[in-house]
Amino acid sequence: GISVQSMAGAVVAMNYRAIKAKFCFCSMYQITFGILALGYFLISLSNSYGFYLVSLIVSGIGVGMLMPTGNMWIIEVAPANIRGKLVGNASTATFIGMFLSPIIIQPLLHFGSISFAFGAMSVFLIIVIFALAQLKKNSQKISQEKVCV
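The paragraphs below set out a description of the structure included in this document. These numbers were taken from a predicted model, which means no experiment stands behind them.

Here we look at the packing of aromatic side chains
Okay, step 1: As enumerated under the stated definition, the model contains five aromatic pairs in all.
Okay, step 2: Arranged with centres 5.5 Å apart and planes meeting at 10°, the rings of F25 and W73 form a pair that is stacked. Highlighted residues: F25 in helix α3 (residues 25-45) and W73 in helix α4 (residues 49-77), separated in sequence by 48 residues.
Okay, step 3: Accessibility expressed as a relative area gives 7% for F25, which makes it buried.
Okay, step 4: Three or more aromatic residues joined by ring pairs form one cluster here, namely F25, Y29, F33 and W73.
Okay, step 5: The ring of F25 has K20 lying over it, and the distance from NZ or CZ to the ring centre is 4.2 Å.

Some thoughts on the layout of surface pockets
Okay, step 1: Each pocket or cavity is described by its volume, and for the largest pocket that value is around 1400 Å³.
Okay, step 2: Along the wall of the largest pocket there are 39 residues; nearest its centre are Y40, L66, G97, M98 and S101.
Okay, step 3: Listed by contribution, the elements that provide at least two residues to the lining of the largest pocket are α1 (2-14), α3, α4, α5 (80-111) and α6 (114-143).
Okay, step 4: If you tally residues by element for the lining of the largest pocket, the top one is α5, at twelve residues.

Rules used in this analysis
- Residues numbered from 1 in each chain as written.
- Predicted model: local features only at pLDDT ≥ 70, side-chain atom pairs only at ≥ 80, totals over all residues.
- Heavy atoms only, no water.
- Phe/Tyr/Trp six-rings, centres within 6.5 Å; stacked < 30°, edge-to-face > 60°.
- Helix = DSSP H or I, 4+ residues; strand = E, 2+ residues; numbered from the N terminus.
- Buried < 20%, exposed > 50% of the residue type's maximum accessible area, 1.4 Å probe, protein only.
- Lys NZ or Arg CZ within 6 Å of the ring centre and 35° of its normal.
- 1 Å grid on protein atoms, 1.4 Å probe; cavity = no way out; pocket = protein on both sides within 12 Å on 5 of 7 lines; lining within 4 Å.
- Points joined across faces, edges and corners; volume = space filled by probe spheres on them.

Just geometry here; none of it tells us what the structure is for.
In structure tokens:
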């Protein structure tokens, strides 16, 4: 089942260039977190193997967009002399996050269930989307020009 998520992510990542051409990085993160939130919410509702697989495909699409968005944003804005180090740091942070995620999610599992934990994560991602929208709005006010679509 989990391999379906990886395959969906790989397909999206291979087509990232076409998707990214339409949006700025901040918008890409909002779209990505929205897809992840939907996928996690669907996982929280899963009551059959087929529905679970569909949910994994949706979340896999989000994961497939997440990885290149972060790396490409760093590559675009970082000075050339530290670009490699910053991309390496981002990769390190990803692996640390993978290591810490079971530890962080454990209190949610203790409080509720795996479904509750995925539902809570989808709510958290929705909050992040709104925070990014506010960040874009504030950035546009400061710079007096359109920062992002």
